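Reading the structure
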Amino acid sequence: MIKKLVLILLIAPNFLFAQEKKKEEKFDTSYIKSFRNDITLKCYGSFKSDDITQYQGKNKILDYAINNPFTIGFGISYKWLNVLATVITPFPVDTYKKGQTNHFDFRFNIYGRSTVTDIWFQFYNGYYLANSNDASFNWNNPTVFYKRPDIRVASLGGVFYYNLNKKEFSYRASFSQTDRQIKSAGAPIVGVNWSAVGIRADSALLPSMIKTKFTPEQRVQDITAVTLGAGGGYAYTYVFKKNWFASLSGTIFLVAQTYQYVLQGNPAPRVQPGLNFNLLSRGAFGYNDDKNYYGLVFVADNIPLGTRNGDTFNYSFVTVRLMYAHRFSLKKS
């Protein structure tokens, strides 16, 4: 299954490039103004969260998070091309309180007139327990968090959307800054998504101070989840005072998954199939005129990792960017 997902990820960009290089699709110019043939330069500040959670019923037992710095980056958009690169980490990371996180994060986006494609690969090593000071842990050390430098997470995945109202609604206006949404509009969206997530640790994810409260069957050490699904949702951009906008998109996918768990002290994997729901959302708020774009943009993904012995595992990540973009026309005046 993982080999098939990797093959899809390798083929998809080539197919989509071919589609985007065709002549621009028709759209209603009373709703959308295109700057596809302009060069759009951007700078942004970015924050990324990445969490592993475990619930027992409705009670959150674990909430592991990364110690990720605030970063500054630059980007460029032209026609189908949309490239962002992080180059600066302006503030030091408090490794004493939250530990050290080593990371590699790659995301590839194509915002077409009728389609949107995201592809990502992420690797994180080193987490801290964000809910260390919950009463059940008896941690009693508010100045630092319980650290797990041994926890490693690798995830590979992607999503493909089709915009069913491409003539009036533009994803590009909010997320690649190569359009401007002139009037409010929305669109039903359908799509597919795929992912492979692997979580590894040197001992049970349950902290040492509470793991004796749980049975050996609950002491999960490694998790692998492979997901393939299809679903739909809705996207809407509200335009007010001519250039201000608020955009929100949400999609629910019904996904088929295969889970594999390894318990502490027992290397034999437990494998189980399952059906679940995967929620993806993205949004933006800001100001967009013919030359400048100022916006707050977020993308969030929530990947269920199955349920074992009544405990539910979940993996989620959110990227938030504060973006400024300026367009340069290539037409001679």
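From a predicted model like this one, the values you see are computed outputs, not experimental measurements.

This part is about the pairing of strand S5 (residues 81-88). Side-chain direction in a regular strand flips from residue to residue, so the side chains alternate between the two faces of the sheet. Sheet topology note: the strand S4 (residues 71-78)/S5 ladder contains seven bridges and is antiparallel. Within S5, the position partnered with Gly75 by the bridge is Leu84. Connecting S4 to the next strand, S5, in antiparallel fashion are two residues, including Lys79 with a positive phi near 55°.

It is worth spelling out a nonpolar patch on the surface at this point. Judged by side-chain polarity, Leu41, Ile76, Leu81, Val83 and Phe328 come together as a nonpolar surface patch covering roughly 370 Å² of accessible area. Of note, Phe328 is situated in strand S15 (residues 311-328). We classify Phe328 as partly exposed; its relative accessible area is 40%.

Below, the discussion takes up the packing of aromatic side chains. Both the distance between ring centres and the angle between the ring planes are used here to describe each pair of aromatic rings. Taken as a whole and judged by the stated rule, the model has 19 aromatic pairs. Seen in terms of ring centroids, Phe104 and Phe121 are 6.0 Å apart; in terms of plane orientation they differ by 50°. Their pairing is tilted. With Phe104 in strand S6 (residues 102-111) and Phe121 in strand S7 (residues 115-129), this pair connects stretches of sequence that are 17 residues apart. Here the aromatic rings of Tyr111 and Phe175 are separated by 5.9 Å at their centres, their planes lie at 15°, and the arrangement is stacked. With a gap of 64 residues between them, Tyr111 in strand S6 and Phe175 in helix H3 (residues 171-175) connect regions that are remote in the sequence. Each member of the pair Tyr111 and Phe175 is classed as buried. Positioned over the ring face of Tyr96 is Lys147, at 5.9 Å from the centre of the ring. When the ring centre of Tyr44 is taken as reference, the NZ or CZ atom of Arg321 above it lies at 5.3 Å.

What counts, and where the lines are drawn
- Throughout, a residue's number is its position along its own chain's written sequence, starting from 1.
- Selection of residues for local features in this predicted model requires a pLDDT of at least 70, selection of side-chain atom pairs for listing and counting requires 80 or more, and totals for whole chains, interfaces and linings are taken over all residues.
- No hydrogens and no water enter the side-chain calculation; it runs on all heavy atoms of the structure.
- For two strands to be treated as a pair, DSSP must find at least two bridges joining them.
- Per the convention used, a helix needs a DSSP run of H or I reaching at least four residues, while a strand needs a run of E reaching at least two, with both numbered from the N terminus.
- Patches here are clusters of residues that have more than 30% relative accessible area and form no salt bridge, with a 9 Å joining cutoff for like charges and a 5 Å cutoff for nonpolar side chains (Val, Leu, Ile, Met, Phe, Trp, Tyr).
- Method for areas: the Shrake-Rupley scheme with a 1.4 Å probe, in which residue coverage is limited to the protein chains shown.
- We define a salt bridge as a side-chain nitrogen of Lys or Arg found within 4 Å of a carboxyl oxygen belonging to Asp or Glu.
- Burial here depends on accessible area, computed with a 1.4 Å probe over protein chains only, as a share of the maximum for the residue type. Under 20% is buried, over 50% is exposed, and the range in between is partly exposed.
- Only Phe, Tyr and Trp rings take part, Trp by its six-membered ring, and two of them pair if their centres are within 6.5 Å. Stacked means planes under 30 degrees apart, edge-to-face means over 60, and tilted covers everything else.
- A ring is considered to have a charge above it if a Lys NZ or an Arg CZ atom is located within 6 Å of its centre and within 35 degrees of its normal.

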